[in-house]
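Secondary and tertiary structure notes
Given next are the chains, with one letter for each unit.
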Amino acid sequence: MREPTVVAADYFDTYSVVGLLAVVGVLFVAVAFGAGRLLRPVVPTPEKLLTYECGVDPVGEGWAHTQVRYYVYAFLYVIFAVDSIFLFPWATVFAAPGYGATTLVEMFVFLGFLAVGLLYAYKKGVLAWT
C-alpha cells in the first residue's frame, strides 16, 4: 500500500494541470483584450456614442413591454434540451449486459414524465404561437 502523502501528491499533481490551463486561459484572454485596446483606433463621434439596437435608432423611453410567451418557448426548449441529454448515457447503459430491462423501464418512465409535461403545456395553450 502506498503512503498517504504520495497519494495526496499525485492527486494534487493532476489538478495542477487544470490550474495551469486555467491560468493560461486567463492570460490569453487578458493579452487579447490588451492588444485590442492598444491597437484599435479611438475616434469618438456623436454617432458612435449613440445607443444602437438592431439597426433602429432609439426613440422614446428605455422601457418596453416584452411578451412572456417568448420566454416560455425558450424555457421549454431548455428543459427538453437538457432532458434529452439524459438519453445518451441511457443508451450506453442499455447496451451493458444485465441492465437492459431495468433501464428500458426507467427510460420510458422518464419519457412519460416529459410527455405529461409537454401535454400539460399544450393544454394550457403555451405552445400556440399567436
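Residues numbered from 1 in each chain as written. Predicted model: local features only at pLDDT ≥ 70, side-chain atom pairs only at ≥ 80, totals over all residues. Heavy atoms only, no water.

Our working definition: UniProt positions are given in the numbering used here, feature names are shortened, and annotations may be inferred rather than shown by experiment.
An unreviewed UniProt entry lists the chain under the name NADH-quinone oxidoreductase subunit, with Streptomyces roseolus as the source organism. What UniProt states about the chain under its Catalytic activity (unreviewed entry) heading is, verbatim, "a quinone + NADH + 5 H(+)(in) = a quinol + NAD(+) + 4 H(+)(out)". Under Function (unreviewed entry), UniProt gives the following word-for-word description of the chain: "NDH-1 shuttles electrons from NADH, via FMN and iron-sulfur (Fe-S) centers, to quinones in the respiratory chain."

Brief notes about the overall build of the chain
Put simply, the rule reads: Secondary structure elements follow DSSP: runs of H or I no shorter than four residues count as helices, runs of E no shorter than two count as strands, and numbering proceeds from the N terminus. Type-normalised accessible area, obtained with a 1.4 Å probe on protein chains alone, sets the label of each residue: buried when under 20%, exposed when over 50%, and partly exposed for intermediate values. Note on contacts: a residue pair is in contact if any heavy atoms of the two residues lie within 4.5 Å. Accessible surface is estimated by sampling points in the Shrake-Rupley manner with a 1.4 Å probe; for residues, cover comes only from the protein chains shown.
Counting its secondary structure elements, the chain contains four helices and zero strands. Residues classed as buried in the chain amount to 5% of the 130 residues present. When contacts within the chain are restricted to residue pairs at least 6 apart in sequence, those whose partners lie at least 24 apart make up 52%. Roughly 11800 Å² of accessible area belongs to the chain as shown, and the carbon and sulfur atoms make up 74% of that amount.

Considerations on the packing of helix 2 (residues 68–85) against helix 3 (residues 87–94)
Note the threshold: Each axis is a line fitted through C-alpha atoms, and for a helix only the stretch in contact is used; angles between axes span 0 to 180 degrees, taken between their N-to-C directions. Comment on the angle field: the value is read as roughly parallel under 35 degrees, roughly antiparallel over 145, roughly perpendicular from 65 to 115, and oblique elsewhere. We call Asp, Glu, Lys and Arg charged. Ala, Val, Leu, Ile, Met, Phe, Trp, Tyr, Cys and Pro are nonpolar, and the rest, Gly among them, are polar.
Two elements in contact, helix 2 and helix 3, have axes separated by 4 Å at closest approach and are oriented at 20°. For the element pair helix 2 / helix 3, the angle class is roughly parallel. Contact residues: helix 2 offers Asp-83, Ser-84 and Ile-85, while helix 3 offers Leu-87, Phe-88 and Pro-89. For the contact of helix 2 with helix 3, the per-class residue count stands at four nonpolar, one polar and one charged.

With respect to a nonpolar patch on the surface
Going by this rule: Patch members must show over 30% relative accessible area and no salt bridge, and they are joined within 9 Å when carrying like charges or within 5 Å when they are nonpolar side chains of Val, Leu, Ile, Met, Phe, Trp or Tyr. Salt bridges are counted wherever a side-chain nitrogen of Lys or Arg sits within 4 Å of a carboxyl oxygen of Asp or Glu.
There is a patch of nonpolar side chains on the surface, built from Tyr-77, Val-78, Val-82, Ile-85 and Phe-86 and spanning about 530 Å² of accessible area. By secondary structure assignment, the location of Tyr-77 is in helix 2.

With respect to the environment of Phe-110
Positionally, Phe-110 belongs in helix 4 (residues 100–123). For Phe-110, the residues in contact, after removing those within four places along its chain, are Asp-83 and Phe-86.

Considering the packing of helix 3 against helix 4
Rules: Each helix crossing is assigned a hand: it is left-handed if the near helix lies turned anticlockwise from the far helix by less than a right angle, otherwise right-handed if that turn is clockwise.
Where helix 3 meets helix 4, the closest approach of the two axes is 9 Å, and the angle between their N-to-C directions is 160°. When the axis of helix 3 is compared with that of helix 4, the two are roughly antiparallel. Here the hand of the crossing between helix 3 and helix 4 comes out left-handed. On helix 4, the residues that touch Leu-87, Trp-90, Val-93 and Phe-94 of helix 3 are Gly-100, Thr-103, Leu-104, Met-107 and Leu-111. Of the residues belonging to the contact of helix 3 with helix 4, the class tally is seven nonpolar, two polar and no charged.

Some words on helix 4
Cut-off, in case you're wondering: Multiplying one less than the number of residues by 1.5 Å gives the expected span of a helix.
A rise of 1.5 Å per residue sets the reference length of helix 4, with its 24 residues, at 34 Å; its end C-alpha atoms lie 34 Å apart and thus fit the reference within 8%. Every buried residue of helix 4 is accounted for by Thr-103, Met-107, Leu-114 and Ala-121. Next to the buried residues of helix 4 lie helix 2 and helix 3. Phi for Gly-125, located one or two positions after helix 4, is positive at around 85°.

Here we look at the UniProt feature "transmembrane region" (unreviewed entry) in the chain
Mapped onto this structure's residue numbering, the UniProt feature "transmembrane region" (unreviewed entry) falls at residues 15–39, 70–91 and 103–122. As a span, residues 70–91 carries 95% helix and 0% strand, and end to end its C-alpha atoms are 33 Å apart. Secondary structure content for residues 103–122 is 100% helix and 0% strand, and the end C-alpha separation is 28 Å.

Let's talk about the confidence of the model for the chain
Here is the rule: pLDDT expresses how confident the predictor is about each individual residue, on a scale running from 0 to 100.
In this model, the chain carries an average pLDDT of 79, and 84% of its residues clear a pLDDT of 70 or more. When mean pLDDT is compared element by element in the chain, helix 1 (residues 4–39) scores highest at 86, while helix 3 scores lowest at 75.

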